[in-house]
Amino acid sequence: MKEIKIVIAGARGRMGSEAVKLVEETTHFSLVAVVDHKHEGKSLKDLDGFDVDVPIYTDIDKCFFETNPDVLIDLTTPEIGKIHTKKALLNGVRPVVGTTGFSEEDLTELQDLTTEKGIGAIIAPNFAIGAILMMKFSQMAAKYLQDVEIIEQHHDQKLDAPSGTGLKTAEMIAAVREEKQQGHPQEKEILTGARGANYKGIRLHSVRLPGLIAHQEVMFGGDGQTLKIRHDSYNRASFMSGVKLAVENVMKVDLLVYGLENIIE
Ligand SMILES: NC(=O)C1=CN([C@@H]2O[C@H](COP(=O)(O)OP(=O)(O)OC[C@H]3O[C@@H](n4cnc5c(N)ncnc54)[C@H](O)[C@@H]3O)[C@@H](O)[C@H]2O)C=CC1
Ligand SMILES: O=C(O)C1=N[C@H](C(=O)O)C[C@H](O)C1
């Protein structure tokens, strides 16, 4: 298999450090540099916990120019991730984006840019195969049980709410069910937010607690019955087979793929 040259943005983070391990362990992947907001000019091996001799750049354009990668893996923050994705496309580098918190407008803009540039890009709100199945099964269930609420639970260092996975699940369900408002038509929130966020009538609830990693339950209700579809990630290694799949697939497409369910049979 042809070697894929990779840059990772956010390499010191919880997900980024796991992605560094993945790239190092995969024979046809080669890590050529990392992008950080500090440590310009150092090697990654100068930092605690890393044993990989690749340069750290704080300027992503310079990084792309000097290292000529095929793929950028971005695992940063919503604001930075969007900028990095745009810059990757403008530099002819294929982005694999795990960063969440993009708005609908952000996604449209990135889709337009991908089409204009004619190179592949993958934005995956969740790389865990179990989470993809949870979303697919929820979409199937929504054809039969239209009343649904999503309860996502994450660690308390998470910046965005609802989670990318929660939002994507709501989008996938909304695509197959007629929009409807749930609960009593005259229900009234005594405390603002008690009923959660509202995506086309689907309620989304975000729990943030230390001790959690990434968990989601999609709960359906019907006459005299409920159905719960649940996924739990207990560590960040759970996301890595999906990252590998995304990197391999982004080399084969020339459009924006939003969600790994679109490349998993
Ligand atoms: N798609 C998926 O399956 C998953 C996605 N995520 C998402 O990945 C993102 C990162 O999550 P974590 O690793 O938990 O966060 P984290 O806070 O541990 O890591 C973020 C990293 O980005 C770096 N960073 C910040 N500004 C930067 C800049 N200007 N340039 C380069 N790096 C910069 C930080 O230094 C930090 O190392 C989040 O958006 C999260 O929602 C997290 C887990 C799974
Ligand atoms: O921030 C996280 O941790 C996670 N973020 C992604 C999301 O927002 O859905 C994926 C996973 O849930 C972990």
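Small disclaimer: the values here were computed from a predicted structure and weren't measured.

On to the site of ligand 2, then. Every residue close to ligand 2 is listed here: Thr 100, Pro 125, Asn 126, His 154, His 155, Lys 158, Asp 160, Ser 163, Gly 164, Thr 165, Ala 214 and Phe 239. One of the side-chain nitrogen or oxygen atoms of His 154 is found 2.6 Å away from an oxygen atom of ligand 2. For ligand 2, the protein covers 85% of the area, taking 320 Å² as the surface of the free molecule. Partitioning the shell around ligand 2 into residue classes produces 3 nonpolar, 7 polar and 2 charged.

Across soluble globular proteins, nonpolar side chains show a tendency to be buried alongside one another. By size, the foremost hydrophobic cluster in this structure holds 58 residues, and its most contacted members are Ile 8 and Phe 127. Ranked by residue count, the leading element in this core is helix H5 (residues 129-142), at 6 residues. Excluding residues that lie within four positions of it along the chain, Ile 8 makes contacts with Gly 16, Ala 19, Val 20, Val 23, Leu 31, Ala 33, Val 34, Val 35 and Ile 73. Residues Ala 9, Cys 63, Phe 64 and Ala 88 belong to the second largest nonpolar core, which totals 12 residues.

The next subject is the UniProt feature "domain: Dihydrodipicolinate reductase N-terminal" (unreviewed entry) in the protein chain. The residues that UniProt annotates with the feature "domain: Dihydrodipicolinate reductase N-terminal" (unreviewed entry) are residues 4-127. Structurally, residues 4-127 comprises 38% helix and 21% strand, and the distance from its first C-alpha atom to its last is 19 Å.

Moving on, we get to the site of ligand 1. Around ligand 1, the surrounding shell holds 22 residues, and the nearest of these are Arg 14, Met 15, Thr 100, Ala 124 and Phe 127. Between ligand 1 and His 37, the relevant distance is 3.1 Å, taken from an oxygen atom to a side-chain nitrogen or oxygen of the residue. Protein chains bury 82% of the 850 Å² of accessible surface belonging to ligand 1 in isolation. Only helix H1 (14-25) and helix H3 (78-90) provide two or more residues apiece to the shell around ligand 1. In terms of residue class, the shell around ligand 1 is built from 8 nonpolar, 9 polar and 5 charged.

The rules behind each value
Residues numbered from 1 in each chain as written. Chains lettered and ligands numbered in written order. Predicted model: local features only at pLDDT ≥ 70, side-chain atom pairs only at ≥ 80, totals over all residues. Heavy atoms only, no water. Near = heavy atom within 4 Å. Polar contact = N/O pair within 3.5 Å; in protein donor to acceptor, adjacent residues only side chain to side chain. Areas by Shrake-Rupley, 256 points an atom, 1.4 Å probe, with all protein chains shown as cover. Nonpolar A, V, L, I, M, F, W, Y, C, P; charged D, E, K, R; others polar. Core = buried A, V, L, I, M, F, W, Y, C linked by side-chain atoms within 4.5 Å. Buried < 20%, exposed > 50% of the residue type's maximum accessible area, 1.4 Å probe, protein only. Helix = DSSP H or I, 4+ residues; strand = E, 2+ residues; numbered from the N terminus. Contact = heavy atoms within 4.5 Å. UniProt positions renumbered as here; feature names shortened; annotations may be inferred.

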